Amino acid sequence: MRSRTPSCIRVATIALTGLFISMCSSLVAEDNGVEMRYDLRAGDHFVYRERTERTSHGTDSDFEYVTLTQCTAHVLVVSASDSHSLVAVQRGDIRSELVQYTEEGVDLTESERTQYAESLGPRLVPRAEVNRVDAHGWPALAWAAIREVTSEFLPCLHEIEGLPNVPVNEGSSWKGVSSLDLTFRWVGRERIGDADCIRVEGTGPLAGVSLVYWHCPSSGLLQRLEYTGAYPVPHARVSEKWTAELLERTRGEDPQTWLARADTRIAVLESCMLEDALPATPAALYPLLDSGDIPTQQAVLSLAYARRFGPPATTQLVALARSPDPLVRRLAVRMLETVPKDDARAIIELSIKDIDPFMGEAVLQWARGRLSVEQRGSLGTPPDVLRRYELLSRVPLPEQSRAEGVATSAVEQCLGGDQSGGMAGGTARIVPGTTLRPMASPGYQGWPYILHIPADYRGDAPFPLVICMSGGPGRARMGLVAFLNIISRTGYVVLFPQARESWWEEWTGAMVENLVKEVEGLVRIDPNRVCAVGWSNGGTGAFALATQMPQRLAAAVSLEGAGVFVPWGAPPAAGNTDNVPLLFIHGERDTTIDCRATRQTVDRLRQLRRFAPVEMRILEGRGHDISIEGDGELFFPFLRKHVRDPFPRRIEFELGTLAFPRHYWVRIEEKGQGVANVSGEIREDNTIVVTARNVQAMRLLLRPELLAKPSAPVRVIVNGKPAFEGPLQFDCELLKRTTLLEADRYLAYSAELSVRIAQRKGALLLGASTSAD
């Protein structure tokens with residue numbers, strides 16, 4: 001089960017952090033060298049023909065699987081300035097075939113071709129990605145993580161690769177901008193057609209991984225690219241070759257003509273998400289909704305919703321609400337935002353009956369925007385919208401009217417702003433899409449992850465977050481592939497972290513906790529609806545995460561995981577999940593991870609005093625084949641029905657180390673050798689009772705919501721002896737500071753009580769101080 005992550009994946013998208021800039025300063029170059037640059041001008045349109053050959057060889061069984069995928073890439077320079085160009089790439093006309101499939105020496109190609117063709121559905125749609133690049137091709141944004149081929153490395157490759165940012169000569173070498181961690185070298189000049197081009201070869205630390213490209217100074221483009229690579233996947237090793245060849249280039253085209261063409265339309269629509277000045281208007285966009293092309297409808301509606309365009313014609317919305325695509329249907333409901341409720345009723349009635357589980361969220365959000373805060377409690381489920389339809393305002397209420405007359409707590413007065421608890425992220429525009437990103441958190445800089453932002457996210461409302469942990473070696477890309485068929489229609493922000501050694505090790509758990517904080521600083525997340533789900537090794541990891549950072553999770557689901565029976569290292573502390581709802585799903589005939597691991601883990605959990613439910617589903621006849629994609633109907637309902645209680649008044653936990661010192665409102669600062677155990681209860685009379693074993697120092701992290709009588713004095717008893725008695729001062733500055741520290745307004749605290757426990761001559765000595773002392 002132990003597998004080291006390929007270095008090219010470990011450093012994925014590290015170029016975005018700017019770390020390679022300093023490396024390029026050591027580039028060997030003579031005076032008057034050649035400055036390799038791109039000649040990119042607004043209106044440029046160039047076309048590449050691309051081909052990917054992919055072979056999988058079985059490592060524990062005898063099979064070989066060979067596929068060939070070809071596509072056409074249209075590269076558009078949507079706008080250009082002195083510093084950056086906005087470049088959009090649309091890959092379409094995708095053709096993929098199974099070339100050969102053999103198993104145990106038997107050729108099964110013909111019988112497998114039909115199944116292969118059926119599996120291609122999500123990959124045959126046009127794909128686009130947008131970025132801002134400088135004159136040397138260095139990207140300012142994250143590139144897309146989904147390409148036309150299921151490949152670990154292909155998302156790292158682009159028709160515009162990073163060139164050296166200092167002059168170079170033949171024989172010069174430099175560290176590349178590519179996330180494949182390659183070192184490049186100018187090896188010579190070659191003619192390609194009529195052009196004199198510079199041949200550049202890049203190699204990296206992984207054997208067999210290379211990228212060769214030909215940059216032609218006369219055109220300021222890459223004329224050709226050739227990549228080869230190999231890497232392991234569960235039960236197989238993959239080798240692949242990708243080539244891209246420039247076919248044609250035109251200049252001075254009008255973006256309006258790109259909007260009219262099917263092979264460039266998606267790219268220019270996605271560009272409009274980043275460039276408000278582009279000529280995208282309802283008059284230009286809404287006729288495209290009648291095309292019947294689902295990717296076009298998705299892109300138009302997502303853009304119109306993000307840019308707050310008025311709704312299309314009612315007849316169009318009705319047709320879109322009956323679309324076979326669930327994302328189009330959900331976006332149609334989003335576009336009802338300003339439609340009078342009487343005009344919207346037919347679509348709302350249709351949407352409430354929708355079988356897509358994420359439609360209900362859109363309907364409820366539409367209705368709640370037309371109710372005051374006091375009235376929103378009457379809406380718990382989508383059918384409640386029709387039952388309370390007469391309460392709804394004709395059009396959305398102004399924000400101030402929605403909150404008018406509502407009592408504001410001291411916490412709300414201090415923090416202000418969004419009462420949902422979301423940390424609206426930063427100043428950068430976060431647009432829908434699935435991107436490969438590097439972490440920025442100290443200690444984890446450059447570590448890769450993938451982030452999916454739903455098409456109906458625009459930053460004005462918090463979205464639930466699912467942390468998706470993949471099986472096998474735990475690579476983020478593998479998690480995305482498993483989620484691919486359903487990710488476009490999910491109503492969650494989906495985070496794919498990447499394991500290092502194992503999902504349950506302390507480093508990985510701490511990385512995930514820091515990554516969740518980082519994402520909550522970028523994207524507006526509902527912190528009370530953060531869930532974890534994983535399969536196989538990731539299923540083990542989802543449960544382990546619930547033991548490491550339970551205060552951040554609303555629920556966790558383990559698919560065919562090992563539970564407490566990890567193959568190495570300390571087992572997860574099952575008792576730490578007492579306030580986290582858990583669901584375990586396992587195949588009865590699983591021979592990779594025996595289902596007894598799940599049964600015995602659940603038995604152990606049920607023997608503990610739990611404050612949250614634990615459920616188990618053992619699937620008859622199933623093996624180690626339970627997946628995110630195929631079995632989502634089992635766990636999505638579980639995730640949707642659970643919301644975190646950030647203020648439990650009863651807690652129990654244990655710590656073997658101080659890697660995860662916090663558990664809700666208790667933080668262990670010092671402990672002795674071995675395992676520390678803590679149980680705590682906040683009673684109705686404001687008495688806080690804590691029993692701590694093998695603990696020398698701890699802090700109680702308190703706020704008004706934890707106390708039945710927030711203004712009354714507090715009494716603290718530790719190990720049966722008084723530790724503190726008196727009022728707790730509400731410290732607004734402390735609350736603000738810890739809100740930023742935790743990236744979660746519910747885990748922030750406005751008072752802290754430090755307790756030191758010392759053992760001297762058999763007597764227990766207690767000392768306590770508040771944050772104000």
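The following paragraphs examine the structure supplied in this document. As the structure is a prediction and not an experimental result, all values here were calculated from the model. (Residues numbered from 1 in each chain as written. Predicted model: local features only at pLDDT ≥ 70, side-chain atom pairs only at ≥ 80, totals over all residues. Heavy atoms only, no water.)

This part is about the overall build of the chain. On a plain count of helices and strands, the chain comes out with 20 helices and 29 strands. The C-alpha radius of gyration of the chain comes to 28 Å, within 12% of the 28 Å expected for a compact globule of 773 residues. Dimensions of the chain, computed from C-alpha atoms along their principal axes, come out at roughly 90 × 65 × 60 Å. When burial is assessed residue by residue, the chain has 57% of its 773 residues classed as buried. Restricting the contact set of the chain to residue pairs at least 6 apart, pairs at least 24 apart contribute 67%. Only carbon and sulfur atoms are counted for the fraction: they give 49% of the accessible area of the chain, which is about 31000 Å². Between the centroid of the 84 positive side chains of the chain and the centroid of its 95 negative side chains there is a distance of 6 Å. (Helix = DSSP H or I, 4+ residues; strand = E, 2+ residues; numbered from the N terminus. Rg over C-alpha atoms; globule rule 2.2 N^0.38 Å. Buried < 20%, exposed > 50% of the residue type's maximum accessible area, 1.4 Å probe, protein only. Contact = heavy atoms within 4.5 Å. Areas by Shrake-Rupley, 256 points an atom, 1.4 Å probe, with all protein chains shown as cover. Lys, Arg positive; Asp, Glu negative; His and termini not counted. Charge placed at Lys NZ, Arg CZ, Asp CG, Glu CD.)

Before going further, it helps to spend a moment on the sheet that holds strand S16 (residues 525–535). The strands that make up a sheet pair up through hydrogen bonds in the backbone, lying either parallel or antiparallel. Sheet architecture is open: eight strands sit in the order S12-S13-S15-S14-S16-S17-S18-S19, paired in mixed fashion. Edge positions in the open sheet fall to strand S12 (433–438) and strand S19 (614–619), since each of these has one partner strand only. Within the sheet, the average angular offset between the axes of one strand and its neighbour, ignoring direction, is 15°. In this structure, strand S18 (residues 582–587) lies alongside S19, joined through six bridges in parallel fashion. Looking at S19, one finds that phenylalanine 584 is bridged to methionine 616. Sheet strands in contact with helix H15 (residues 476–487) are S12, strand S13 (448–453), strand S14 (463–469), strand S15 (493–496) and S16, and its direction is about 155° off that of S15. (Pairing = 2+ DSSP bridges. Axes fitted to C-alpha atoms, helices over the stretch in contact; angles between N-to-C directions.)

Taken as a whole and assessed by the stated rule, the structure comprises 52 salt bridges. Note that glutamate 152 is salt-bridged to arginine 475, the shortest N-O span being 3.1 Å. Placement of the pair is glutamate 152 in the loop between strand S5 (127–133) and strand S6 (173–175) and arginine 475 in the loop between S14 and H15, with a sequence separation of 323 residues. Taking the relative accessible area as the measure of exposure, glutamate 152 reaches 6% and is therefore buried. Among the salt bridges present, the one from aspartate 263 reaches arginine 261, with a minimum N-O distance of 2.9 Å. Overall, aspartate 263 belongs to the partly exposed group, its relative accessible area being 27%. On the basis of relative accessibility, which here comes to 31%, the residue arginine 261 falls in the partly exposed class. Connected through salt bridges with shared partners, the residues Glu513, Lys517, Glu520, Arg552, Arg662 and Glu742 form a single ionic network. (Salt bridge = Lys/Arg side-chain N within 4 Å of Asp/Glu carboxyl O.)

Overall, mixed pairing links the five strands, which are arranged S20-S23-S24-S26-S27 in an open sheet. Looking along the sheet, the strands with just one partner apiece sit at the ends: strand S20 (650–655) and strand S27 (721–726). Direction aside, neighbouring strands of the sheet carry axes that sit 15° apart on average. When strand S23 (residues 676–682) meets strand S24 (residues 687–693), the two strands line up antiparallel, connected through six bridges. Within S24, the position partnered with glycine 680 by the bridge is valine 690.

Here we take up the state of the cysteines. On inspection of all chains with the given rule, the structure shows two disulfides. Disulfide pairing is shown between cysteine 414 and cysteine 732; the S-S distance is 2.1 Å. In this structure, the disulfide formed by cysteine 414 and cysteine 732 twists by about 100° around the S-S bond and is classed as right-handed. Taken together, the positions of cysteine 414 in helix H14 (residues 410–415) and cysteine 732 in helix H20 (residues 732–742) put the pair 318 residues apart, joining distant regions of the chain. On the accessibility criterion, cysteine 414 (10% relative accessible area) is buried. Disulfides within the chain link the bonded cysteines, taken in sequence order, as 1-2, 3-4. Here cysteine 468 stays free of any disulfide, with the sulfur of cysteine 531 as its closest cysteine sulfur at 12 Å. (Disulfide = S-S within 2.5 Å.)

Looking now at the pairing of S12. Burial analysis of S12 places five of its six residues in the buried class, which makes it a mostly covered element. Pairing geometry for S12 and S13, over six bridges, is antiparallel. Opposite threonine 434, over in S13, you have histidine 452 as the bridge partner.

Attention now goes to helix H5 (residues 265–272). The α-helix winds at 3.6 residues per turn, so residues separated by three or four positions along the chain end up facing the same way. For H5, the buried fraction is high: seven of the eight residues fall into the buried class. The complete set of buried residues in H5 reads Arg265, Ile266, Ala267, Val268, Leu269, Ser271 and Cys272. In this structure, the buried residues of H5 make contact with strand S2 (63–80), strand S3 (85–103), S5, helix H4 (255–260), helix H6 (282–285) and helix H7 (294–306).

Counting 74 residues, the largest nonpolar core has Ile467 and Trp665 as the members making the most contacts within it. The leading source of residues in this core is helix H16 (residues 506–522), at six residues. In this structure, Phe46, Val200, Leu583 and Ile628 belong to the second largest nonpolar core, which totals 73 residues. (Core = buried A, V, L, I, M, F, W, Y, C linked by side-chain atoms within 4.5 Å.)

Moving on to the side chain of threonine 490. One can find threonine 490 in the loop between H15 and S15. You can call threonine 490 buried: its relative accessible area is 1%. When sequence neighbours within four positions are dropped, the list of residues in contact with threonine 490 reads Arg330, Phe358, His452 and Pro454.

What follows deals with the packing of aromatic side chains. Enumeration according to the criterion identifies 20 aromatic pairs in this entry. Measuring from centroid to centroid gives 5.5 Å for phenylalanine 358 and phenylalanine 636, while their planes differ by 80°, and the two rings are edge-to-face. Linking phenylalanine 358 in the loop between helix H10 (341–352) and helix H11 (359–368) with phenylalanine 636 in helix H19 (residues 632–640), this pair joins segments that are 278 residues apart in sequence. Judged on exposure class, the residue phenylalanine 358 and its partner phenylalanine 636 are both buried. Aromatic side chains tryptophan 447 and tryptophan 507 sit 5.1 Å apart centroid to centroid with 75° between the ring planes, which places their arrangement in the edge-to-face category. (Phe/Tyr/Trp six-rings, centres within 6.5 Å; stacked < 30°, edge-to-face > 60°.)

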